[in-house]
Each structure stands twice: as C-alpha cells, then as structure tokens.
Amino acid sequence: MRILIVEDEIKAAQYLKEALMQSGYQAESSHDGIDGLFLAQSGTFDLIILDVMLPGIDGWSFIGRLRERSQVPVLFLTAKDAVADRVKGLELGADDYLVKPFSYAELLARVRTLLRRNPVRQQEIFELADLQVDALKRRATRGGQRIDLTNKEFALLHLLLQHKGEVMSRSQIASQVWDMNFDSDTNVVDVAIRRLRAKIDDDFTVKLIQTVRGMGYRIEDGF
Ligand code: CA
C-alpha cells in the first residue's frame, strides 16, 4: 500500500512518512500542492494524506482537481477546527479528515479504515457546464430542468461522462452501451447520439456532445 503525504511543513511530513513506513506502508512526501497533485494523479498511490494549507494550490482546489480524474481516497488534515471547513472538504470529495494536532495512533486508525474500504469508489455525480447527472438515481438535469432519458440514452451519456474529454469511437460506444460488437452497423450509435443531443444539447447554446470527424464522439464543456 502506497501513501502520499502532501504537507508543506517538512518536519511534520518527514515524521509521518517515517511513522507510516514503520507501520509497514510505503510512503512518499511532497511539500507543495502542485507537485503533490501531479503525484496524486499518477494513479500509483492507494491513499493521499493532504494538508489543507499549502503553497501553490490549496487543499480545496487540490481535491477538486484530483477528483476530476481520480477516486483515490483522501484524508485531509486541517488546522482549523471549523465545521464549515470540514464540510467543505468532504463535499469536495475528501473521504475523511483529521484536525491538527492529532495523535499518530488516530491517524493510523483512519488510514487503515480508508484503505480497507473499496479502493476504487465509483463516481456517482457528474457535472459538466449546467448538466448534472446522478448515476445512482439515474437522473439528469440541465439548467435545473429534468431530462427524461431512456435506459440506453442514459447509459450512453454516463459512458461519455466517465470518459469526459476523451474521444470514444463508435465501436467502443457500441460494445459498452449495447454490450455487442457492431463492426458494420455503427449507425445505431449515431442514431442514439442524435436522440441524446436532441434532449441535452438542442435547446442550449453551449453544446456538450461533439462529433470528432472520422473518430467518434466526445463530451466536453465549452463548445
Ligand atoms: Ca500547511
């Protein structure tokens, strides 16, 4: 199990790193937010211990940006014993928090609990521009208006959102949404995309679903 400690107080980071290594974990530390975020996004850590007050990028922005790409568990450390700060961290996607100063025994207990949980948490809520999709409740809204989607349309939208910004080929879409290989008849994908666009894009100025000529489709903000 590899743990990344992002903490600008070098002594504190070093102490945590050594203590975690003595407890049998592999640990690395980073002393600024930008470098730490880069490491955290590498996908090679099982847990991130994140100090909220950091140079470069603060812990809130850190969690927000990390969560665009990764569901790695985050335990955040806050010096402020303010409920609002903890709530903010948890809402942004942190999994647990500790208020400084804390005992190492307490930290270790939280670390063990987080690592025992399902390491890859499925993302449930997707937001893109004014589109909101709740994958668990199977509900989509745009600009606050409810959008009724068929099961296949929902699955298609969900797939695109899970790969936000990436081009998905027609055959990738076909195999994942219809669970079949449509080597010849990828027209089914185009038809489904057209129906989905009619529901989520046609009435809005900002178009989210893009056709990438000769390649496939992509969902992205800002077109
Ligand atoms: Ca700090």
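Residues numbered from 1 in each chain as written. Predicted model: local features only at pLDDT ≥ 70, side-chain atom pairs only at ≥ 80, totals over all residues. Heavy atoms only, no water.

So, on to the sheet that holds strand β2 (residues 26-30). Read from one edge of the open sheet, 5 strands run β2-β1-β3-β4-β5, paired in parallel fashion. Because the sheet does not close on itself, it has two edges, and the strands there are β2 and β5 (96-99). On average, adjacent strands in this sheet sit at an angle of 20° to one another, irrespective of strand direction. Here 4 bridges tie strand β4 (residues 74-78) to β5, and the two strands are oriented parallel to one another. Within β5, the position partnered with L77 by the bridge is L98. Against the sheet, helix α2 (residues 33-40) touches β1 (2-6), β2 and β3 (47-51), its axis set at about 165° to β1. (Pairing = 2+ DSSP bridges. Helix = DSSP H or I, 4+ residues; strand = E, 2+ residues; numbered from the N terminus. Axes fitted to C-alpha atoms, helices over the stretch in contact; angles between N-to-C directions. Contact = heavy atoms within 4.5 Å.)

Right, let's get into the packing of α2 against helix α3 (residues 59-67). Between α2 and α3, the shortest axis-to-axis distance is 10 Å and the interhelical angle comes to 25°. Our classification of the angle between α2 and α3 gives roughly parallel. Helix-helix and strand crossings are classified by hand; for α2 and α3 the assignment is right-handed. Only F62, R65 and L66 of α3 make contact with α2, whose side of the interface consists of G33, G36, L37 and A40. (Parallel < 35°, antiparallel > 145°, perpendicular 65-115°, else oblique. Left-handed = near helix turned anticlockwise from the far one by under 90°.)

Moving on: the pattern of salt bridges. Close approach of charged atoms lets side chains of opposite charge pair. In the structure shown here, the tally under the stated rule is 12 salt bridges. Here E106 and R110 are joined by a salt bridge, their closest N and O atoms 3.2 Å apart. A residue pair is termed a helical-turn pair when its members lie 3 or 4 positions apart in one helix, as E106 and R110 do in helix α5 (residues 104-116) at 4 residues. Residue classification places E106 among the partly exposed positions, given a relative accessible area of 33%. As a salt-bridge pair, E220 and R218 come within 3.5 Å of each other at their nearest N and O atoms. (Salt bridge = Lys/Arg side-chain N within 4 Å of Asp/Glu carboxyl O. Buried < 20%, exposed > 50% of the residue type's maximum accessible area, 1.4 Å probe, protein only.)

Here the domain parsing of the chain yields domain 1 (2-117) and domain 2 (125-219). Here the C-alpha centroids of domain 1 and domain 2 sit 34 Å apart. (Domains from an automatic or database assignment.)

Turning next to the packing of aromatic side chains. With the rule as written, the count across this model stands at 3 aromatic pairs. Judged by centre distance (6.3 Å) and plane angle (80°), the rings of Y15 and Y104 are edge-to-face. Here the residue Y15 occupies a position in helix α1 (residues 10-22), and Y104 occupies one in helix α5, the gap between them amounting to 89 residues. Note on F76 and Y97: the rings are 6.0 Å apart at their centroids and 40° apart in plane angle, and the pair reads as tilted. Of this pair, F76 sits in strand β4 while Y97 sits in strand β5; the two residues are 21 residues apart in sequence, bridging distant segments of the chain. Owing to a relative accessible area of 0%, F76 belongs among the buried residues under this scheme. (Phe/Tyr/Trp six-rings, centres within 6.5 Å; stacked < 30°, edge-to-face > 60°.)

G59, W60, F62, I63, L66 and R67 are the residues of α3 that are buried. The buried residues of α3 occupy an angular sector of 160° when the element is viewed end-on, so they sit on one face. On the buried face of α3, the contacting elements are β1, α2, β3, β4 and α4 (83-92). Where α3 begins, the side chain of D58 points an oxygen toward the backbone nitrogen of W60, at a separation of 3.1 Å. (Arc of directions from axis to C-beta. Polar contact = N/O pair within 3.5 Å; in protein donor to acceptor, adjacent residues only side chain to side chain.)

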